[in-house]
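Structure at a glance
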Amino acid sequence: MNFAALEFMGEGKDGFHMVSYVLYKDKLKDTYAKAFDYVETYASALGVPEQDLEEMLNNLLDTLYEAQENGKPVEKIVGKDLETFCREYFQNYTYWGNFFKNLAPMFYRFAVIVFLFSLIDIIYPEENTTLLHAATDLGGFVCGAVCGIIAGIMIASVGRVLLSRSKRFTNTMYTWMTVIIVVAAIIVSVILCQDVYITVPLLPVLLVSAGYIILYKLAEWVKRYRKYGTIKKSAENRYSLKDTMKEVWNDENKDMQFDVLKEMIKTYRKKNERLTKRGKNAITAEEYTEQVRKDIKFEKYNLGYFVFLAVICVSVAILLTEFEGMIDFIVFLVIMAGVEGVILRFFYKSTKTGFDIKKALLNECDAKGITLVELFERKKAGNV
Amino acid sequence: MEDTQLMKGILEGCVLGVISKGETYGYEILQELEGYGFDNIGEGTLYPVLTRLDKNGYITCRKAKSPMGPIRKYYSISDAGSAYYAAFKENYKKITECADAVLFSKEEES
């Protein structure tokens, strides 16, 4: 086994990137892809905790991919019956076991939200009240939490039934089912919480939520220290969305470059099909390459475009909202800027990566004296 | 090879035996076991065994990106694992000697 051939990502100051299996599951084909899809859906419906799910599905994906490359039948890896395989593979997990395992982190997230909103009540208190006598309304949070738990149980129960009864039930269908039930739960909780008021004294809420957050973090640090000898999160080598997005936004990733090139050539061929149907001349490969070269010149306006969009969105939100005072306005501005900042940053990074990948592909074309179409054909044939 | 109860008893030791030869990973372990005649061992059977061995401290695990892309776990035998493996082999030898005496000497008589 040649360890020197292994590619370690992000060596140096960034460390090793623990990316999600989701980035690679499209490499599986036919029966291997179907088997993996079934196992993924089963694990989601079982509620396997996220980190364990990433470990186990990464492991299975790697094994299935190597079996696919070596021509080993998928049954040699997962057996003849997928449900039996899943019961064996996830033998250490039960739905209710996972539910209770996920409760502590769920309460932690709940405590953080309650704590932050209670802080806002302190910064912007009701008139003529002191901290000792102030109260806060937890009706919305409790409604949301109860609807969320019920939605989670429904998703898992329906998912498990459909998976065992229908071979056509895929992970995509499970995801859509989840989205529909979650949206319905949000609508129900918004309707319900209008008439539900759970008014409690502010100070105990603040202290209890802060206390839970501190205890949870302490327990996490103690557990990590006992296992790894350090409290640093990086010691766990956990799969993270941040690391996965770093890989998605990594313009030097050859797989990502090939995927972008494939999509570009697909667009080019569809465009030519439409032109040919209308009786017009098709675009040549050279013309298409030049067109892409012109398009990426807009890259310099990319950041400006998203900053402009962020300012417009925040301004419109401010104009449509009535504020009771300066503090109300500032809190709203901070929350809007934060939320919109995250969303727009995501889209900005994604488009920037797209531009950088196209630039890298065009540079490769220039170096070899070929068009994007020729580059795609060579990469597909493995000749590059 | 069918008897699952018999398999459960010896699979941990056999997997440890494969790992004791050098750092390896899931698919390679399956290939090795198949080479020795364990043709019905799938990932569903192997992964829980590896998890148990890891939890008991008999193997150590290192994560790295595989050439194909997904994160791969590489397993090595630990000192505790080597001691456990040595003890397993001793016990296995004693048990098979006794079992052979019971099973095959009676067949010869009959």
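These lines cover the structure that appears in this document, whether it is placed above or below.

Cut-offs and rules
- Residues numbered from 1 in each chain as written.
- Chains lettered and ligands numbered in written order.
- Predicted model: local features only at pLDDT ≥ 70, side-chain atom pairs only at ≥ 80, totals over all residues.
- Heavy atoms only, no water.
- Salt bridge = Lys/Arg side-chain N within 4 Å of Asp/Glu carboxyl O.
- Helix = DSSP H or I, 4+ residues; strand = E, 2+ residues; numbered from the N terminus.
- Buried < 20%, exposed > 50% of the residue type's maximum accessible area, 1.4 Å probe, protein only.
- Patch = residues over 30% accessible without salt bridge, like charges linked within 9 Å, V, L, I, M, F, W, Y side chains within 5 Å.
- Areas by Shrake-Rupley, 256 points an atom, 1.4 Å probe, with all protein chains shown as cover.
- Lys, Arg positive; Asp, Glu negative; His and termini not counted.
- Charge placed at Lys NZ, Arg CZ, Asp CG, Glu CD.
- Polar contact = N/O pair within 3.5 Å; in protein donor to acceptor, adjacent residues only side chain to side chain.
- Contact = heavy atoms within 4.5 Å.
- Buried area = accessible area lost by both parts, 1.4 Å probe.
- Nonpolar A, V, L, I, M, F, W, Y, C, P; charged D, E, K, R; others polar.
- Axes fitted to C-alpha atoms, helices over the stretch in contact; angles between N-to-C directions.
- Parallel < 35°, antiparallel > 145°, perpendicular 65-115°, else oblique.

What follows concerns the pattern of salt bridges. In the structure shown here, the tally under the stated rule is 20 salt bridges over all chains. Here Glu55 of chain A and Lys73 of chain B are joined by a salt bridge, their closest N and O atoms 2.6 Å apart. Placement of Glu55 of chain A in helix H2 (residues 50–70) and of Lys73 of chain B in strand E3 (residues 71–77) is noted, with the two residues assigned to different chains. The exposure classification of Glu55 of chain A matches that of Lys73 of chain B, with both residues buried. One continuous salt-bridge network, built from bridges that share partners, spans Glu55 of chain A together with Lys63 and Lys73 of chain B.

Take unusual backbone geometry next. Keep in mind that most residues, glycine aside, have a negative phi and that most peptide bonds are trans. You will see that Asp30 of chain A, though not glycine, has its phi angle at about 45°, which is positive. Of note, Asp30 of chain A is situated in helix H1 (residues 30–46).

This part takes up a positive patch on the surface. All names here are of chain A. Together, Lys262, Lys266, Lys270, Lys271, Arg274, Arg278, Lys280 and Lys380 make up a region of like positive charge exposed at the surface. If you trace the backbone, Arg278 turns up in the loop between helix H10 (254–277) and helix H11 (285–295). Residue classification places Arg278 among the exposed residues on the basis of a relative accessible area of 58%.

With respect to the helices, strands and loops of the structure, Lys72 of chain A is situated in the loop between H2 and helix H3 (75–78). A polar contact is formed between the side chain of Lys72 of chain A and the side chain of Glu34 of chain B, at a distance of 2.8 Å.

Listed per partner, the contact involves 35 residues of chain A and 30 residues of chain B. Between chain A and chain B, roughly 3,000 Å² of surface is buried when both sides are summed, and carbon and sulfur atoms account for 56% of that area. Applying the counting rule to chain A against chain B returns 6 salt bridges. The partner of Glu34 of chain B in a salt bridge is Lys72 of chain A, with the nearest N and O atoms 2.8 Å apart. Our enumeration of links across chain A and chain B arrives at 12 residue pairs in polar contact (both at pLDDT 80 or more). Among the secondary structure elements, those contributing two or more residues to the side of chain A that touches chain B are H2, H3 and helix H4 (82–89) of chain A. Considering every element that reaches the side of chain A that touches chain B, the biggest residue donor is H2 of chain A, with 13 residues. In terms of residue class, the side of chain A that touches chain B is made up of 18 nonpolar, 7 polar and 10 charged.

This part is about the packing of H4 of chain A against helix H3 (residues 43–55) of chain B. Orientation of H4 of chain A relative to H3 of chain B, taken along the N-to-C sense of each, is 5°, at an axis distance of 8 Å. By the angle between their directions, the pair H4 of chain A and H3 of chain B is classed as roughly parallel. Taking contact as the criterion, the partners of Phe85, Glu88 and Tyr89 of chain A in H4 of chain A are, on H3 of chain B, Glu43, Gly44, Thr45, Tyr47 and Pro48 of chain B. Of the residues in the contact of H4 of chain A with H3 of chain B, the class split is 4 nonpolar, 2 polar and 2 charged.

Okay, the environment of Leu163 of chain A next. Residues and elements named next belong to chain A. With respect to the helices and strands, the residue Leu163 is situated in helix H6 (residues 139–165). Relative accessible area serves as the criterion here: at 5%, Leu163 is assigned to the buried category. C-alpha of Leu163 to C-alpha of Leu309: the two residues are 146 residues apart in sequence and 43 Å apart in space. Non-local contacts of Leu163, meaning those with residues more than four positions away in its chain, are made with Tyr38, Thr41, Tyr42 and Phe169.

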